[in-house]
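Descriptive structure summary
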There are 2 protein chains.
Amino acid sequence: MGFKEEITDHFLNGHQKYLRNISVDCIIFGFHENELKVLLLNAKYAGQWALPGGFIEKEEHMDEAAKRILKQRTGLDDIFLQQFHVFSTPDRSTKKINTQFLKTSGVSMEGSWMFDRFISVGYWALVDFTKVKPVADVFSDACEWFNIHTIPELILDHNDILQKALENLRAQLNYHPIGYNLLPEKFTMPELQKLYETILDRTLDRRNFQRKIFGTGILKKLEETKKGVAHKAPYYHKFDLRKYQKALKGGMGFEL
Amino acid sequence: MGFKEEITDHFLNGHQKYLRNISVDCIIFGFHENELKVLLLNAKYAGQWALPGGFIEKEEHMDEAAKRILKQRTGLDDIFLQQFHVFSTPDRSTKKINTQFLKTSGVSMEGSWMFDRFISVGYWALVDFTKVKPVADVFSDACEWFNIHTIPELILDHNDILQKALENLRAQLNYHPIGYNLLPEKFTMPELQKLYETILDRTLDRRNFQRKIFGTGILKKLEETKKGVAHKAPYYHKFDLRKYQKALKGGMGFEL
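Residues numbered from 1 in each chain as written. Chains lettered and ligands numbered in written order. Predicted model: local features only at pLDDT ≥ 70, side-chain atom pairs only at ≥ 80, totals over all residues. Heavy atoms only, no water.

Quick look at the packing of aromatic side chains
Evaluated as defined, the whole model comprises 38 aromatic pairs over all chains. With a centroid separation of 6.0 Å and 45° between ring planes, the pair formed by A:Phe80 and A:Trp124 is classed as tilted. You can see A:Phe80 sitting in strand S5 (residues 80-87) and its partner A:Trp124 sitting in strand S6 (residues 119-126), a full 44 residues away along the chain. Between B:Tyr45 and B:Phe101, the aromatic rings sit 6.1 Å apart at their centres with planes inclined by 70°, giving edge-to-face as the arrangement. With B:Tyr45 in the loop between strand S2 (35-43) and strand S3 (48-50) and B:Phe101 in helix H3 (residues 95-104), this pair connects stretches of sequence that are 56 residues apart. When its relative accessible area of 5% is taken as the criterion, B:Phe101 is described as buried. An aromatic cluster is defined as three or more aromatic residues linked by ring pairs; in this entry it consists of A:Phe3, A:Phe11, A:Tyr45, A:Phe101, A:Phe115 and A:Phe139. In this structure, A:Lys221 packs its charged tip against the face of A:Tyr235, placed 4.3 Å from the ring centre. (Phe/Tyr/Trp six-rings, centres within 6.5 Å; stacked < 30°, edge-to-face > 60°. Helix = DSSP H or I, 4+ residues; strand = E, 2+ residues; numbered from the N terminus. Buried < 20%, exposed > 50% of the residue type's maximum accessible area, 1.4 Å probe, protein only. Lys NZ or Arg CZ within 6 Å of the ring centre and 35° of its normal.)

Dropping the structure here:
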């Protein structure tokens, strides 16, 4: 199928494959060079950036739909993801955007399930930045990482969704293995501290941070030091996953 | 419209009024005579008890739909409610139940939006038991309070939804004004402790509980004592709402 046939088919027949009026949006967080990043798509249909998202197949669990979308955009399986909020303002309709999109694509159509209002379930996901190969979907020109401090104006309420995801991520910092999922297998203490600082959006006292993190017993110090650092090369650490998950069960129990 | 006409209209034309494939289920918690209770409907269409629920109108915010449903079942406005989880297993279809229901109601129908699978968003709500006048809906024979320890087998996955709501309520006990919403305006310390014990499903040490609760400064002691108590009548207390909400902002910060 060519592009025109593909979108015509999706707009005319998609409701036979997918549930109506409900969609999924994914906020995919990555951490790289001391920046918290989020993966966005450049949506052809809007000429604007948007969160990756999609629809739920008629016989598919919603979590599976989210995993499928994440796999398509990142190439990764087994991503840590968390359903966090449902977005349902009455003006969540893409009718205007979609009508314009079809017109410029040379497709003429009276009605479509895609003109309806969609209630969207937000999932945030944590990925190892170094392992992701971003892939655009058929409705997008590009799939790229953005620093969370320089997010452009997104379509619909996607800026609100992203903001809410960030707030939820912060609130969950002591209840989910966020460090484990966002960092490479081995990391230095300055890198771990920077991750916490970036998510919380404030600086932390170094000695206090180290005392509290080491106090939880969730880190294993390796013999290896980081190469190529100016002076006093820091040691690598890794998480003791069993202890980490045990500590998380009741919340980490430390205020940073 | 008679009952038969009403259900025929709902099954044939309801999708013109409501969004498809998505519904709302409400877990309405009340506290009475030291028991945590939940409001259930006896569903005609299933011959079983069910959580109160409903659909979202085409131009309605989902939170407003939940409020509308709560108002219809309890008679109350301004109910404290919390969206907590989306339920989306692929087998959430009421086709079998609904087909049987139509048959026994003498209605014959080939297809209906009501035969589709519904993804359901769960809301828990906290109400002042003494103010609720339970009202059944057109699809139900009765609307009654059940002790959470003696819940019958509910339709579909409603037992799972209720269980998840309870877990979420427990986890949120220190982050939401749960006591304020479930208790009458004035209450005794034994009543407050019993509320916490009932939600947490374990006993608490009386002196420890009182020390911690008083330590938060959220209670005001009244001059009035409770009448009709065998010996040593306990004083009434009420919440200082401003201090309560301030304390909740960062979590109450006490482990019970």
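Looking at helix H1 (residues 3-17) of chain A
Residue and element names in this part refer to chain A. At phenylalanine 11, H1 shows its largest bend, some 50°. Within the span of H1, buried status applies to Ile7, His10, Phe11 and Gly14. Next to the buried residues of H1 lie strand S1 (18-32), strand S4 (53-57) and helix H3 (95-104). (Bend = angle between axes of the 7 residues up to and from the residue. Contact = heavy atoms within 4.5 Å.)

Considering the interface of chain A and chain B
At the junction of the two partners, chain A supplies 22 residues and chain B supplies 22 residues. Of the roughly 1800 Å² buried where chain A meets chain B, counting both sides, 56% is carbon and sulfur surface. Along the contact surface separating chain A from chain B lie zero salt bridges. Linking chain A with chain B are 16 residue pairs in polar contact (both at pLDDT 80 or more). Of all the secondary-structure elements, those providing two or more residues to the side of chain A that touches chain B are S1, S4, helix H2 (62-74), S5 and S6 of chain A. Considering each element in turn, the side of chain A that touches chain B owes the most residues, four residues, to S1(A). For the side of chain A that touches chain B, the per-class residue count stands at nine nonpolar, six polar and seven charged. (Buried area = accessible area lost by both parts, 1.4 Å probe. Salt bridge = Lys/Arg side-chain N within 4 Å of Asp/Glu carboxyl O. Polar contact = N/O pair within 3.5 Å; in protein donor to acceptor, adjacent residues only side chain to side chain. Nonpolar A, V, L, I, M, F, W, Y, C, P; charged D, E, K, R; others polar.)

With respect to the nonpolar core
A:Val24, A:Ile56, A:Met62, B:Val24, B:Ile56 and B:Met62 are the most contacted members of the largest nonpolar core, which totals 52 residues. Filtering out sequence-adjacent residues up to four positions away, A:Met62 remains in contact with A:Val24, A:Ile56, A:Gln83, A:Val121, A:Tyr123, B:Val86, B:Ser88, B:Arg117 and B:Ile119. (Core = buried A, V, L, I, M, F, W, Y, C linked by side-chain atoms within 4.5 Å.)

Remarks on the pairing of strand S2 (residues 35-43) of chain A
The side chains of a regular strand alternate between both faces of the sheet. Residues and elements named next belong to chain A. The buried count for S2 comes to seven of nine residues, which makes it a mostly enclosed element. The turn joining S1 and S2, which pair antiparallel and follow one another in sequence, is formed by two residues; a positive phi near 45° is taken by glutamate 33. Summarising the sheet, S2 and strand S7 (residues 140-147) pair through seven bridges and their orientation is antiparallel. Looking at the pairing, leucine 41 lines up with cysteine 143 of S7. Relative to strand S3 (residues 48-50), S2 runs antiparallel, the two sharing three bridges. Considered in S3, the bridge of asparagine 42 is made with tryptophan 49. Hairpin connection, S2 to S3: the antiparallel pair is bridged by four residues, and glycine 47 has positive phi, about 65°. (Pairing = 2+ DSSP bridges.)

Focus: the sheet that holds strand S9 (residues 219-225) of chain B
All names here are of chain B. Judged by pairing direction, the sheet is antiparallel, and its three strands sit side by side in the order S8-S10-S9 without closing on themselves. In this open sheet, the two strands that pair with only one neighbour each are strand S8 (187-188) and S9. In terms of strand pairing, S8 meets strand S10 (residues 235-239) through two bridges, oriented antiparallel. Note on S10: the bridge partner recorded for threonine 188 is tyrosine 236.

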